[in-house]
Structure formats: structure tokens, C-alpha cells
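Examination of the molecular architecture
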Amino acid sequence: QKEVEQDPGPLSVPEGAIVSLNCTYSNSAFQYFMWYRQYSRKGPELLMYTYSSGNKEDGRFTAQVDKSSKYISLFIRDSQPSDSATYLCAGGGSYIPTFGRGTSLIVHP
Amino acid sequence: EAGVTQFPSHSVIEKGQTVTLRCDPISGHDNLYWYRRVMGKEIKFLLHFVKESKQDESGMPNNRFLAERTGGTYSTLKVQPAELEDSGVYFCASSQDAGHGETQYFGPGTRLLVL
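Report on the accompanying structure. (Residues numbered from 1 in each chain as written. Chains lettered and ligands numbered in written order. Predicted model: local features only at pLDDT ≥ 70, side-chain atom pairs only at ≥ 80, totals over all residues. Heavy atoms only, no water.)

Moving on, we get to the overall build of chain A. In terms of helices and strands, chain A carries zero helices and 11 strands. Of the regular secondary structure in chain A, the N- to C-terminal order runs β-β-β-β-β-β-β-β-β-β-β. Counting only C-alpha atoms and orienting by the principal axes, one finds that chain A spans roughly 40 × 25 × 20 Å. For chain A, the proportion of its 109 residues judged to be buried stands at 43%. Intrachain contacts of chain A at a sequence separation of at least 6 include 54% that bridge at least 24 residues. For chain A, the accessible area works out to roughly 5000 Å², and carbon and sulfur atoms hold 49% of it. For chain A, the centre of its 10 positive side-chain charges and the centre of its 10 negative side-chain charges are spaced 6 Å apart. (Helix = DSSP H or I, 4+ residues; strand = E, 2+ residues; numbered from the N terminus. Buried < 20%, exposed > 50% of the residue type's maximum accessible area, 1.4 Å probe, protein only. Contact = heavy atoms within 4.5 Å. Areas by Shrake-Rupley, 256 points an atom, 1.4 Å probe, with all protein chains shown as cover. Lys, Arg positive; Asp, Glu negative; His and termini not counted. Charge placed at Lys NZ, Arg CZ, Asp CG, Glu CD.)

Structural data, given as C-alpha cells:
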């Protein structure tokens with residue numbers, strides 16, 4: 001079983017839609033959780049960082065962590081074509097993240 | 001400020017050959033990390049330098065891989081001899097400190113194809 005499971009997609013939505021991206025994880029030692037955004041031919045870029053359970057909001061992005069169910073979510077409001085990218089979730093007990101495979105998101109005009 | 005740079009962007013080599021990848025971290029970042037993503041898999045950690053010292057090399061797959069960071073600035077990752085399963089994208093990242101919440105800045109990666 002992979003430590004972080006993520007549906008690779010692609011997920012295609014119209015501009016303006018609310019996007020929900022999800023991951024599950026199996027390692028109970030994970031204390032912090034991250035979402036990265038990766039554009040084509042670029043490296044991952046940290047988007048959201050959350051420590052332990054709870055919600056964190058940053059502009060149009062909201063990250064949720066439910067440690068009881070080992071479920072991680074990223075919501076994108078008012079999605080834009082520029083949000084089209086691969087979104088990687090990650091968890092960790094130390095400072096080295098364990099990544100999921102990433103979900104490809106396509107926001108079409 | 002320049003980000004993390006990696007060279008080359010692409011490399012195609014034959015099985016058995018040697019390849020050396022280079023990473024230049026953000027200036028002033030003591031921490032440098034190597035990661036790898038093989039086709040269809042997750043990005044996986046290879047090793048972590050603090051300045052010129054290897055802090056954690058638990059992710060290095062085998063002794064065909066050699067990472068160095070002489071002088072604590074840029075780093076090289078040598079694969080010798082390369083095997084087919086070494087194909088993938090090799091990412092380098094750097095951070096000022098290492099710890100919870102410390103952002104690692106990734107380079108664009110080197111795409112390695114071993115034929």
C-alpha cells in the first residue's frame with residue numbers, strides 16, 4: 001500500500017468551478033501536510049502547508065486535514081485556466097515529504 | 001533572486017554509461033535535497049545535504065549513485081553505470097533551514113532517459 005494515495009485524473013472543470021482535490025494517507029506518524037502545484041516542465045511549488053488536523057485558507061485555496069480518517073483535501077474556488085497544473089499532496093513526520101502521484105487538473109475557459 | 005537551477009535539462013544515455021547531474025541551490029541555502037520521480041510513480045526523496053555534509057542518504061537506491069556537494073555550494077549526482085530503471089526526472093531542492101514548515105524550493109528537474 002502506498003503511503004499517500006492520490007487519483008491521477010485528469011480532472012477537467014469549467015472556469016469558475018469549485019475544485020476538490022483529495023488524498024488519503026496510511027502513515028499515522030504524519031504530522032504535517034502539504035499541497036504542491038507543478039506546472040508542465042517545472043518543479044513542484046509549495047502551495048499550502050498545514051500542521052496536524054484542521055483547515056487553512058489562502059486566497060482561493062483551502063486545505064483541509066482530517067487525521068481521524070487520514071484524508072487530505074484541497075479546494076480551489078473560482079478556478080481559473082491558470083490553475084491548470086498537476087497538484088501533489090504530501091505528508092510527513094519529519095521535514096522530508098512523502099508525495100502522492102499527483103492529480104492533473106485542467107480548467108477550461 | 002535566482003531560483004534553483006539544474007543542468008542539464010535533459011540527458012539521453014545508453015545503459016552502462018555515466019551521467020552527472022548538477023544542481024545550483026538558491027544562494028545562502030545550506031540545505032540541499034535530491035529527489036527522483038520515475039515514470040508513473042511518486043516523487044521520492046534521495047538524500048539531504050547540510051552544507052557539504054550528507055545529513056540523510058536513506059533514499060539513495062544503490063551504490064551506483066554518488067552525490068557530492070564540495071564546498072557546500074552546488075551539488076552533483078553521478079549515476080555510474082546507468083541502468084534502464086534509472087530513467088526519470090531528478091529534482092533538486094534547497095531550503096534555508098530544515099524543519100517543519102520550512103519551504104523547499106524545487107528546481108525544474110533533469111529528465112534522464114537511459115536506453
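There's more to say after this.
Opposite the 19 residues of chain A that make contact, chain B presents 22 residues. Carbon and sulfur atoms make up 58% of the area that chain A and chain B hide from each other, which totals about 1800 Å². Here B:E42 ties to A:K2 by a salt bridge, and the two come within 3.5 Å at their closest N and O atoms. If you look at where chain A meets chain B, you find five residue pairs in polar contact (both at pLDDT 80 or more). Every element with two or more residues in the side of chain A that touches chain B is listed here: β4 (32-38) and β5 (45-51) of chain A. With three residues, β4(A) is the largest single contributor of residues to the side of chain A that touches chain B. Looking at the side of chain A that touches chain B residue by residue, the class counts come to 10 nonpolar, five polar and four charged. (Buried area = accessible area lost by both parts, 1.4 Å probe. Salt bridge = Lys/Arg side-chain N within 4 Å of Asp/Glu carboxyl O. Polar contact = N/O pair within 3.5 Å; in protein donor to acceptor, adjacent residues only side chain to side chain. Nonpolar A, V, L, I, M, F, W, Y, C, P; charged D, E, K, R; others polar.)

Right, let's talk about the sheet that holds strand β6 (residues 54-58) of chain A for a bit. All names here are of chain A. Taken in spatial order, the five strands line up as β1-β3-β8-β7-β6 in an open sheet, and their pairing is antiparallel. Looking at the sheet topology across the chains shown, the edges are occupied by β1 (4-6) and β6. Ignoring strand direction, the axes of neighbouring strands in this sheet form an average angle of 20°. Two elements, strand β7 (residues 61-66) and strand β8 (residues 71-76), share six bridges in a ladder whose sense is antiparallel. Of the residues in β8, the one forming a bridge with V65 is I72. (Pairing = 2+ DSSP bridges. Axes fitted to C-alpha atoms, helices over the stretch in contact; angles between N-to-C directions.)

One can find A:T50 in strand β5. Excluding anything up to four places from it in sequence, A:T50 contacts A:Q31, A:Y32, A:F33, A:K56, A:A63 and A:V65.

All names here are of chain A. With respect to the helices, strands and loops of the structure, P8 is situated in the loop between β1 and β2 (11-14). Residues P8 and T103 lie 95 residues apart in sequence; the distance between their C-alpha atoms is 4.2 Å. Setting aside residues up to four positions removed in sequence, P8 forms contacts with R101, G102, T103 and S104.

Okay, unusual backbone geometry next. If a residue is not glycine, its phi is most likely negative; likewise, a peptide bond is most likely trans. Geometrically, the link from A:G9 to A:P10 is a cis peptide bond, its omega value of 10° lying close to zero. Among the structural elements, A:P10 can be located in the loop between β1 and β2. Here B:Q80 and B:P81 are connected by a cis peptide whose omega angle stands at -10°. Residue position: B:P81 is located in the loop between β8 (75-79) and β9 (88-95). Residue A:S52 is not a glycine yet carries a positive backbone phi of 65°. Mapped onto the secondary structure, A:S52 falls in the loop between β5 and β6. Located in the positive-phi region is B:K51, a residue other than glycine, with phi close to 55°. Looking at the element boundaries, B:K51 is found in the loop between β5 (43-50) and β6 (53-56).

Residue and element names in this part refer to chain B. Spatially, the four strands line up as an open sheet ordered β1-β3-β8-β7, and their pairing is antiparallel. In this open sheet, the two strands that pair with only one neighbour each are β1 (5-7) and β7 (65-68). Taken over all neighbouring pairs, the strand axes of this sheet differ in orientation by 15° on average, direction set aside. Bridging between strand β3 (residues 19-24) and β8 involves five bridges; their strand directions are antiparallel. Bridge pairing links R22 to T76 in β8.

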